[in-house]
Amino acid sequence: MGDLNKLTIGAARDKLRARDITSVELTQACLGAIEGASALNAFVHNTSEIALERAGAADQRLAKDDAPGMCGIPIGIKDLFCTKGVASQAGSAILNGFKPEYESTVTQNLIDAGSVMLGKLNMDEFAMGSSNETSTYGNVVNPWRRGDDTADLTPGGSSGGSASAVAADLCLAATGTDTGGSIRQPAAFTGITGIKPTYGRCSRWGVVAFASSLDQAGPMTKDVRDGAIMLGAMCGHDPKDSTSADIAVPDFEAALTGDIKGKKIGIPKEYHMEGIPGEIEDLWADGVAMMKDAGAQIVDISLPHTKYALPAYYVIAPAEASSNLARYDGVRYGHRAKLAAGEGITEMYEKTRAEGFGHEVQRRVMIGTYVLSAGFYDAYYNRARRVRALIKKDFEDVFAAGVDAILTPATPSAAFGLGEMNDADPVQMYLNDVFTVTVNLAGLPAVSVPAGLDKQGLPLGLQLIGRPWEEGDLLNAAYRLEQAAGFVSKPAKWW
Amino acid sequence: MSIDIKTAAHVAKLARIRVEEKDLPALASEFNTILGFIEQLNEVDVDGVEPMVSVTPMRLKRRVDEVTDGNQQAKILSNAPDAREGFFAVPKVVE
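Residues numbered from 1 in each chain as written. Chains lettered and ligands numbered in written order. Predicted model: local features only at pLDDT ≥ 70, side-chain atom pairs only at ≥ 80, totals over all residues. Heavy atoms only, no water.

**Concerning the interface of chain A and chain B**
Point 1. Taken together, the contacts link 68 residues of chain A with 50 residues of chain B.
Point 2. For the chain A and chain B pair, buried surface summed over both sides reaches about 5,300 Å², with 71% attributable to carbon and sulfur atoms.
Point 3. Looking only at chain A, the three residues that lose the most surface to chain B are Glu-350, Met-366 and Arg-383 of chain A, adding up to 13% of its buried area.
Point 4. Counting across the interface, chain A meets chain B through 18 residue pairs in polar contact (both at pLDDT 80 or more).
Point 5. At the level of secondary structure, the elements contributing two or more residues to the side of chain A that touches chain B comprise helix H9 (309-324), helix H10 (345-356), helix H11 (359-372), helix H12 (377-400), helix H13 (426-430) and helix H14 (437-442) of chain A.
Point 6. Take the side of chain A that touches chain B: its biggest share by element is eleven residues, from H12 of chain A.
Point 7. Looking at the side of chain A that touches chain B residue by residue, the classes come out as 34 nonpolar, 16 polar and 18 charged. (Contact = heavy atoms within 4.5 Å. Buried area = accessible area lost by both parts, 1.4 Å probe. Polar contact = N/O pair within 3.5 Å; in protein donor to acceptor, adjacent residues only side chain to side chain. Helix = DSSP H or I, 4+ residues; strand = E, 2+ residues; numbered from the N terminus. Nonpolar A, V, L, I, M, F, W, Y, C, P; charged D, E, K, R; others polar.)

Spelled out as structure tokens, the structure:
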């Protein structure tokens, strides 16, 4: 029984329930695939013992016929999630050796649902990056290549390990987190589906914090149905996160009827940006045609403050990061610098943080420190929060006018080469998130769906943005788009 | 608004990140690139707009102020780079 690792969650679930396969077999297939894929550098901490133990337990549960959809499904966990007794470093050297004494709520929910953790996945340091080039574990490599060109490409970031692992069939699915596009952009770069739920849908407890008002966990999967199944297992109210919503979790999978007749799909004119490649515009136009063919009503809309989303984000996210990352001081966990004679506690903090944080993290912490500092708080931080309120209102206005979902490109380009952006200034890298960041600022749910290939054979994604708490409707629209796009390409195995 | 080397050094100090003297000019220049990008926000008319404090309009949950957890000294100290006699150990703070 070969290639079990290539199954979707939905297909594996059905085979597990029918006793065609066992979770142990499925898990062993994934562990074998991981072992042969070190060139991708996606998995950075393997937990095969835990995996086989949980797979055995899942098989027992499946034998009793009352197992939930995720039972026995082998998944990868982004290194940002704290997992009890297992290294959890957020891709940072400052958390070298850190093994949490507790389990994040999202991963606990996944354990409770019977899923099987294969290991921890590489990511940009503290989720700060769009190319997975800022990790202490080194770059993640995209399984996709430009035709016969053997140059290594980025899987995107920050959930680059998750994206690469799912695209290369090392696991059936993976967790990701999304602060400005960190699930959707890598999903688009690797031809998989990525869901960023409504802010408050998934508990943030036990997820290493980057920017608390923007961070959300979500699933990265091989198709929309898998995303619906896994999201249902991840979310739910958690008293340990005060921003976790105390509302019922619907059956997202049941919402996938594929019927979107009469739904109003908004096309925001501000997302036609200067410098966006023709291929992206064409893909977007194709997506509009697909939704129209499916019976949706296409409406032109305006989100007037779109242009200001990235600059607002690059005030708010670093400000929150500078506060959240203050805890890495060499006292309670992780790295502590060696001190020279005569050096005291201030030197300990300064040297520890200089040694432990990478360049991009240092830069963002310092920008955040600056915009929050006396004299600049109002000019930068408060102004950004006011602009954020306007960005959110842009969306509220179009939803109030009856729009059900908004269709946009997911990224302004296909995956680029690792190292290609080394000489660009930081702002050039930030532009990767131009289509995704508005969603985090407004707290909305959105999904990236693979919709086509570019001239070089690389996947491109489209994004659908939904109303708050209506992930079911949103995923149904995404499901229809997926059916219409018929994206089935996989990267040719070279690793 | 332009950041000079002195301001860059001050920000690094506030952030408790050691930056070598020779690296300050490049850092200041990066700050200026990013802040230049952020300056666009000044084009937006924000008169009468309240700064956003909550992403979703929800009242934060409250709970009874009582002890629900504790007695895990060993667990809390288990990841410390230096723990002694049940405490986190740090360099001498008070002379």
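**Brief notes about a nonpolar patch on the surface**
Residues and elements named next belong to chain B.
Point 1. On the surface, Val-90, Val-93 and Val-94 cluster together to form a nonpolar patch covering roughly 270 Å² of accessible area.
Point 2. Topologically, Val-90 is positioned in the segment after strand S2 (87-88).
Point 3. Its relative accessible area of 36% is what places Val-90 among the partly exposed residues. (Patch = residues over 30% accessible without salt bridge, like charges linked within 9 Å, V, L, I, M, F, W, Y side chains within 5 Å. Areas by Shrake-Rupley, 256 points an atom, 1.4 Å probe, with all protein chains shown as cover. Salt bridge = Lys/Arg side-chain N within 4 Å of Asp/Glu carboxyl O. Buried < 20%, exposed > 50% of the residue type's maximum accessible area, 1.4 Å probe, protein only.)

**Looking at the sheet that holds strand S1 (residues 43-46) of chain A**
Residues and elements named next belong to chain A.
Point 1. A sheet is described by the order of its strands in space; here eleven strands give the open sequence S1-S3-S2-S4-S6-S5-S10-S11-S9-S7-S8, paired in mixed fashion. Across the chains shown, the open sheet's two edge strands, defined by having one partner strand only, are S1 and strand S8 (297-301). Averaged over all neighbouring strand pairs, the angle between strand axes comes to 30 degrees, with direction disregarded.
Point 2. Across six bridges, strand S4 (residues 173-178) lies against strand S6 (residues 216-221) in antiparallel orientation. Among the inter-strand pairings, Thr-177 is bridged to a residue of S6, identified as Ala-217.
Point 3. The strands touched by H12 within the sheet are S8, strand S9 (405-409) and strand S11 (459-466), with S9 carrying the most contacts at an inclination of about 125 degrees.
Point 4. Helix H15 (residues 471-485) rests against strand S5 (193-196), S9, strand S10 (446-453) and S11 of the sheet, and its axis sits at about 5 degrees to S10. (Pairing = 2+ DSSP bridges. Axes fitted to C-alpha atoms, helices over the stretch in contact; angles between N-to-C directions.)

**Focus: the packing of H9 of chain A against H11 of chain A**
Angle between the axes and distance between the axes: these two values describe a pair of packed helices.
All names here are of chain A.
Point 1. Two elements in contact, H9 and H11, have axes separated by 7 Å at closest approach and are oriented at 100 degrees. Classed by the angle they form, the pair H9 and H11 counts as roughly perpendicular. Mapping the contact onto sequence places Tyr-314, Val-315, Pro-318, Ala-319 and Ser-322 in H9 and Arg-364, Val-365, Ile-367, Gly-368, Thr-369, Val-371 and Leu-372 in H11.
Point 2. Counted by class, the contact of H9 with H11 contains eight nonpolar, three polar and one charged residues. (Parallel < 35°, antiparallel > 145°, perpendicular 65-115°, else oblique.)

**What to know about empty space enclosed by the protein**
All names here are of chain A.
Point 1. According to the stated counting rule, one finds four cavities of 30 Å³ or more in the structure shown.
Point 2. Reported here for the largest cavity is a volume of approximately 90 Å³.
Point 3. Contributing to the lining of the largest cavity are Ile-260, Lys-263, Ile-265, Asp-404, Ala-405, Gly-466, Arg-467, Glu-470, Asp-473, Leu-474, Asn-476 and Ala-477.
Point 4. Within the lining of the largest cavity, the residues separate by chemical class into five nonpolar, two polar and five charged. (1 Å grid on protein atoms, 1.4 Å probe; cavity = no way out; pocket = protein on both sides within 12 Å on 5 of 7 lines; lining within 4 Å. Points joined across faces, edges and corners; volume = space filled by probe spheres on them.)

**Quick word on the packing of aromatic side chains**
Any two aromatic rings considered together are summarised by their centre-to-centre distance and by the angle between their planes.
Residues and elements named next belong to chain A.
Point 1. Considering all chains together, one arrives at 17 aromatic pairs over all chains under this definition.
Point 2. Measuring from centroid to centroid gives 6.3 Å for Tyr-328 and Phe-357, while their planes differ by 85 degrees, and the two rings are edge-to-face. Residue Tyr-328 is found in the loop between H9 and H10, and its partner Phe-357 is found in the loop between H10 and H11; the two are separated by 29 residues along the sequence. In this pair, the class of Tyr-328 matches that of Phe-357, namely buried.
Point 3. Relative to Trp-495, the ring of Trp-494 lies with its centre 5.7 Å away and its plane at 90 degrees, an arrangement referred to as edge-to-face.
Point 4. Taking the relative accessible area as the measure of exposure, Trp-494 reaches 26% and is therefore partly exposed.
Point 5. An aromatic cluster is present here, built from Phe-98, Phe-126, Tyr-328, Tyr-333 and Phe-357 joined pairwise through their rings.
Point 6. Across the ring face of Trp-494, the terminal group of Arg-145 is positioned such that the distance to the ring centre comes to 3.7 Å.
Point 7. Its end group placed over the ring of Trp-205, Lys-240 keeps NZ or CZ at 4.0 Å from the ring centre. (Phe/Tyr/Trp six-rings, centres within 6.5 Å; stacked < 30°, edge-to-face > 60°. Lys NZ or Arg CZ within 6 Å of the ring centre and 35° of its normal.)

**Here's the deal with the pattern of salt bridges**
Point 1. Scanning the model with the defined rule gives 28 salt bridges over all chains in all.
Point 2. For Lys-490 of chain A, the salt bridge goes to Asp-169 of chain A, with nearest N and O atoms at 3.2 Å. You can see Lys-490 of chain A sitting in the segment after H15 and its partner Asp-169 of chain A sitting in the loop between helix H5 (160-167) and S4, a full 321 residues away along the chain.
Point 3. Here Asp-82 of chain B ties to Arg-336 of chain A by a salt bridge, and the two come within 4.0 Å at their closest N and O atoms. Of the two residues, Asp-82 of chain B is situated in the loop between helix H3 (73-77) and strand S1 (83-84) and Arg-336 of chain A in the loop between H9 and H10; the pairing between them involves two chains. This pair shows no difference in class: Asp-82 of chain B is buried, exactly as Arg-336 of chain A is.
Point 4. Residues participating in the shared-partner salt-bridge network are Arg-13, Asp-14, Arg-225 and Glu-253 of chain A.

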